[in-house]
Amino acid sequence: MIKNFLIISILSFFFIELVSAQQYDKVEGAWKALFLDIPLSNKFVLRSEFHSRTIDYFNIWDQQIFRPQITYSDSTKIKWTIGYSYLRNFDADINADPRVRNEHNIWEQISYQVPLKKGSFSTWFRLEHRFQEELPLKKNLSGRSFDLSSRIRVRFTYERPISKANSKLPVNFVFYDEIFIVLNRSGIPYKFNQNWTFLGFKFKINDKATINTGFQKNTILKSTDLYLKNRFWNTILFYKF
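Quick caveat: nothing in here was measured; it's all calculated off a predicted structure.

Analysis parameters
Residues numbered from 1 in each chain as written. Predicted model: local features only at pLDDT ≥ 70, side-chain atom pairs only at ≥ 80, totals over all residues. Heavy atoms only, no water. Salt bridge = Lys/Arg side-chain N within 4 Å of Asp/Glu carboxyl O. Helix = DSSP H or I, 4+ residues; strand = E, 2+ residues; numbered from the N terminus. Buried < 20%, exposed > 50% of the residue type's maximum accessible area, 1.4 Å probe, protein only. Patch = residues over 30% accessible without salt bridge, like charges linked within 9 Å, V, L, I, M, F, W, Y side chains within 5 Å. Areas by Shrake-Rupley, 256 points an atom, 1.4 Å probe, with all protein chains shown as cover. Pairing = 2+ DSSP bridges. Axes fitted to C-alpha atoms, helices over the stretch in contact; angles between N-to-C directions.

*Asks:* Report on the pattern of salt bridges, specifying residues and quantitative values.
*Replies:* Scanning the entire structure with this criterion turns up 12 salt bridges. A salt bridge links glutamate 103 to arginine 130, with the nearest nitrogen and oxygen atoms 2.9 Å apart. One end of the pair, glutamate 103, is in strand E5 (residues 100-115); the other, arginine 130, is in strand E6 (residues 120-133), and 27 residues separate them in sequence. Judged by its relative accessible area of 2%, glutamate 103 is buried. Given a relative accessible area of 14%, arginine 130 falls into the buried group. One salt bridge in this structure joins glutamate 159 and lysine 202, with 2.5 Å as the shortest N-O distance. Taken together, the positions of glutamate 159 in strand E7 (residues 146-161) and lysine 202 in strand E9 (residues 189-204) put the pair 43 residues apart, joining distant regions of the chain. Assessed through its relative accessible area of 25%, lysine 202 is described here as partly exposed. Salt bridges sharing common partners tie together Glu128, Arg151, Arg153, Arg155 and Glu178.

Structure representation (structure tokens):
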């Protein structure tokens, strides 16, 4: 099943990129996030993510996300995660009223890591069940309703050390690409949604704190022939208790 999802995702992405009559809107912004990990046992870890995302650099809110999750691992290669996400999605028009569209989603994820001679390759598959407020938004919150949709997210990550083995500040090169595919009501992947590409570095501050920072480009399908390109600097602080 995972192999089929992967093949469909890749083919869908390249098909759209090659044959669509593309038009682009472009924005620039900044993503900042804090990931807090609390070990519950030698197999379970509780993580909370806090995301702050803007466009027009730091001037206009784009998203605010709170994402608690719990991960189970009985090996060094495979991890299973379930989580919940609460998202506040802001209209790019600061004069829109109402401007914020809320979303709740529940998701399941499996991740797998392959050690390489120098560095590592990893991938994860995430299935999201998204409850989004229906459009157009109503000013009266009690009058709003939610629509359910689902999508698959597949991420491929390559990581390689670039500092010396005895460096006081270990640094790794990090590259990842993530594909989003929307599912139809029958649970079949049928439409490209987004593609994220990241190029940056990971700095190990100490045994508890790590920082990932780098350039990211998101290509998002807005309508049949209109895409949004978001270019921004993405920084995440990981901290383990």
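Having put the structure on the table, let's press on.
*Asks:* Quick one: what's the story with a nonpolar patch on the surface, residue by residue and with numbers?
*Replies:* On the surface, a nonpolar cluster with roughly 450 Å² of combined accessible area is contributed by Ile38, Leu40, Phe44, Leu46 and Phe241. Looking at the element boundaries, leucine 40 is found in the loop between strand E1 (23-39) and strand E2 (44-55). Judged by relative accessible area, which is 49%, leucine 40 ranks as partly exposed.

*Asks:* I'd like a description of the pairing of E9, backed by residues and values.
*Replies:* Inspection of the sheet shows strand E8 (residues 171-183) paired to E9 by 13 bridges, in the antiparallel sense. Within E9, the position partnered with phenylalanine 180 by the bridge is glutamine 194. In the sheet, E9 pairs with strand E10 (residues 209-223) via 11 bridges, with the strands oriented antiparallel. For phenylalanine 203, the partnering residue across the bridge sits in E10 and is isoleucine 211. In this antiparallel pair of consecutive strands, E9 and E10, the connection spans 4 residues.

*Asks:* Please provide a residue-by-residue account of the sheet that holds strand E4 (residues 78-90), values included.
*Replies:* In space, the 11 strands of this closed barrel follow the order E1-E2-E3-E4-E5-E6-E7-E8-E9-E10-E11, with mixed pairing throughout. This sheet shows a mean twist of 20° between the axes of neighbouring strands, independent of strand direction. One ladder, built from 14 bridges, connects E10 with strand E11 (residues 226-240); its direction is antiparallel. Looking at the pairing, alanine 209 lines up with tyrosine 239 of E11.

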